[in-house]
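Residue-level structural notes
Read off the chains here:
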Amino acid sequence: MNSTTLQYSSAERYAENFAKNFTIVFLGLIINCINGIFVFTFFKSSTFYNDPRYLLYIHLVINDMLMVFITVVLFVMAYAWQNVPVPFCILLLIIASATHKNTPLTLAGMAIERYIATCKPLHHSQICTVRRTYILISLIWGVGVMPALADLIVFSIFSSLSIFTRAFCSSANLYNTPYHELQSKLTHGLYTSAVWVILVFTYLRVLVTARRANTDKSLAKKAQNTILLHGIQLLLCMLSYITPVIDRIYTEFTPVVRSKVLFFNYLLTNLLPRLLSPLIYGVRDKHFLKSIKGILWGRFVFVKVEPTGNKLKK
């Protein structure tokens, strides 16, 4: 009887773990395929990659695609490969951390660009150039990777785990010193506060500008809505900050309950919000949406041959 129960529970656990991994991988593929359509559309037209606004947007999309890929790999590795070489694990964690930090920083950059376009339209083309946009993207990556490098330095100094060993690959397992916890709180607070200040400032400035008589009302209203959506997306990104808190709350629960809670927590706070970038910005943008429709419909256009000549008719 005990043997039968043990076999059943083992088979049940295997089925549950398989379902979780299949769901995560399937959703990750869907999200990256949808985002990939927007990336393909972007590079099909020079109009987009010569516009700072679209450059920042596509950087956000590519960054989210990379983050989804890395986090899905880490999730699957937690079940399929639990003794990972520490250097490889640290590399994945650095990329995951940098892409996670890049999202709010890019949202702040996009809000500033909309603020300049609305409040300083005569200077927009001089301030927001393609070259400066690439410099801003480089700065975003530089600032975004700094906390991960700080974690690596603290790990090298204070961790009892050797870098040449194998370990379970997760930030909670590798970066478990009090210094890591303090550094994590400081960086989360600093980054989030800075981005919120930028979003609130730009939104209020655009709101004031929209009330002026000589302002393009439709442009100002659209900029307000865009910045407001930046704030909503930032709130969704901040949901991932509660993951460690939930993990600590459910530490005393049974492994089955804790595993289910952490699965849904990861799904709702890390994976699904990455689908919002194309839906919020790409679908709202008339030029982008028109280009996507042209590309998708163009694949299904049949060619007819006229019976009276050699002309091709689409």
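Everything discussed here concerns the structure shown above.
Report on the accompanying structure. (Residues numbered from 1 in each chain as written. Predicted model: local features only at pLDDT ≥ 70, side-chain atom pairs only at ≥ 80, totals over all residues. Heavy atoms only, no water.)

The next thing to look at is the pattern of salt bridges. Under the definition given, this model contains 3 salt bridges. Among the ionic pairs, Asp-64 bridges to Arg-274, the shortest N-O distance being 3.5 Å. With a gap of 210 residues between them, Asp-64 in helix 3 (residues 52-80) and Arg-274 in the loop between helix 11 (255-271) and helix 12 (276-282) connect regions that are remote in the sequence. Each member of the pair, Asp-64 together with Arg-274, is buried. Among the salt bridges present, the one from Glu-113 reaches Arg-114, with a minimum N-O distance of 2.8 Å. (Salt bridge = Lys/Arg side-chain N within 4 Å of Asp/Glu carboxyl O. Helix = DSSP H or I, 4+ residues; strand = E, 2+ residues; numbered from the N terminus. Buried < 20%, exposed > 50% of the residue type's maximum accessible area, 1.4 Å probe, protein only.)

The subject of this paragraph is helix 6 (residues 130-158). Here helix 6 is 29 residues long and its end C-alpha atoms lie 43 Å apart, about the 42 Å a rise of 1.5 Å per residue gives. At Met-146, helix 6 shows its largest kink, close to 30 degrees, and the proline Pro-147 lies no more than four residues downstream. Every buried residue of helix 6 is listed here: Thr-133, Ile-137, Ile-140, Gly-144, Pro-147, Ala-148, Asp-151, Val-154 and Phe-155. Each element contacted by the buried residues of helix 6 is listed here: helix 3, helix 4 (86-119), helix 7 (171-174) and helix 8 (178-210). (Expected span 1.5 Å × (residues − 1). Bend = angle between axes of the 7 residues up to and from the residue. Contact = heavy atoms within 4.5 Å.)

Moving on, we get to the side chain of Thr-202. Relative to the elements of secondary structure, Thr-202 occurs in helix 8. Excluding anything up to four places from it in sequence, Thr-202 contacts Ala-111, Ile-112, Tyr-115 and Ile-227.

Now for the layout of surface pockets. Approximately 370 Å³ is the volume attributed to the second largest pocket. As for the second largest pocket, its lining consists of 21 residues, of which Ala-108, Gly-109, Ile-112, Leu-136 and Ile-140 are closest to the centre. Taken together, the elements giving at least two residues each to the lining of the second largest pocket come down to helix 3, helix 4, helix 6 and helix 8. Split by residue class, the lining of the second largest pocket holds 16 nonpolar, 3 polar and 2 charged. (1 Å grid on protein atoms, 1.4 Å probe; cavity = no way out; pocket = protein on both sides within 12 Å on 5 of 7 lines; lining within 4 Å. Points joined across faces, edges and corners; volume = space filled by probe spheres on them. Nonpolar A, V, L, I, M, F, W, Y, C, P; charged D, E, K, R; others polar.)

This part is about the nonpolar core. Across soluble globular proteins, you tend to see nonpolar side chains buried next to one another. Counting residues in each nonpolar core, the largest one holds 30 residues, and the members touching the most others are Phe-42, Tyr-57, Ile-58, Val-195, Leu-199 and Phe-288. Secondary structure elements with two or more residues in this core: helix 1 (2-44), helix 3, helix 4, helix 6, helix 8, helix 9 (217-238) and helix 13 (286-298). If one sorts the elements of this core by residue count, helix 4 sits on top with 8 residues. Excluding anything up to four places from it in sequence, Phe-42 contacts Phe-48, Tyr-49, Tyr-54, Leu-55, Ile-58 and Phe-288. By size, the runner-up hydrophobic cluster in this structure holds 17 residues, among which are Ile-70, Cys-89, Ile-90 and Phe-155. (Core = buried A, V, L, I, M, F, W, Y, C linked by side-chain atoms within 4.5 Å.)

Another point: the packing of aromatic side chains. For the coordinates displayed, the defined rule picks out 11 aromatic pairs. Here Phe-38 and Tyr-57 contribute two aromatic rings whose centre-to-centre distance is 6.5 Å and whose plane-to-plane angle is 75 degrees, an arrangement assigned as edge-to-face. Of this pair, Phe-38 sits in helix 1 while Tyr-57 is found in helix 3, placing the two residues 19 residues apart along the sequence. A single burial state applies to Phe-38 and to Tyr-57, both of which are buried. The interplanar angle of 50 degrees and the centroid separation of 5.5 Å between the aromatic rings of Phe-75 and Tyr-79 together place this pair among those described as tilted. Highlighted residues: Phe-75 and Tyr-79, both in helix 3, separated by 4 residues, approximately one helical turn. Overall, the relative accessible area of 30% leaves Tyr-79 in the partly exposed class. Among the aromatic residues, those joined into a cluster by ring pairs are Phe-18, Phe-22 and Phe-26. The ring of Tyr-54 is capped by Arg-53, whose NZ or CZ atom sits 5.6 Å from the centre of that ring. (Phe/Tyr/Trp six-rings, centres within 6.5 Å; stacked < 30°, edge-to-face > 60°. Lys NZ or Arg CZ within 6 Å of the ring centre and 35° of its normal.)

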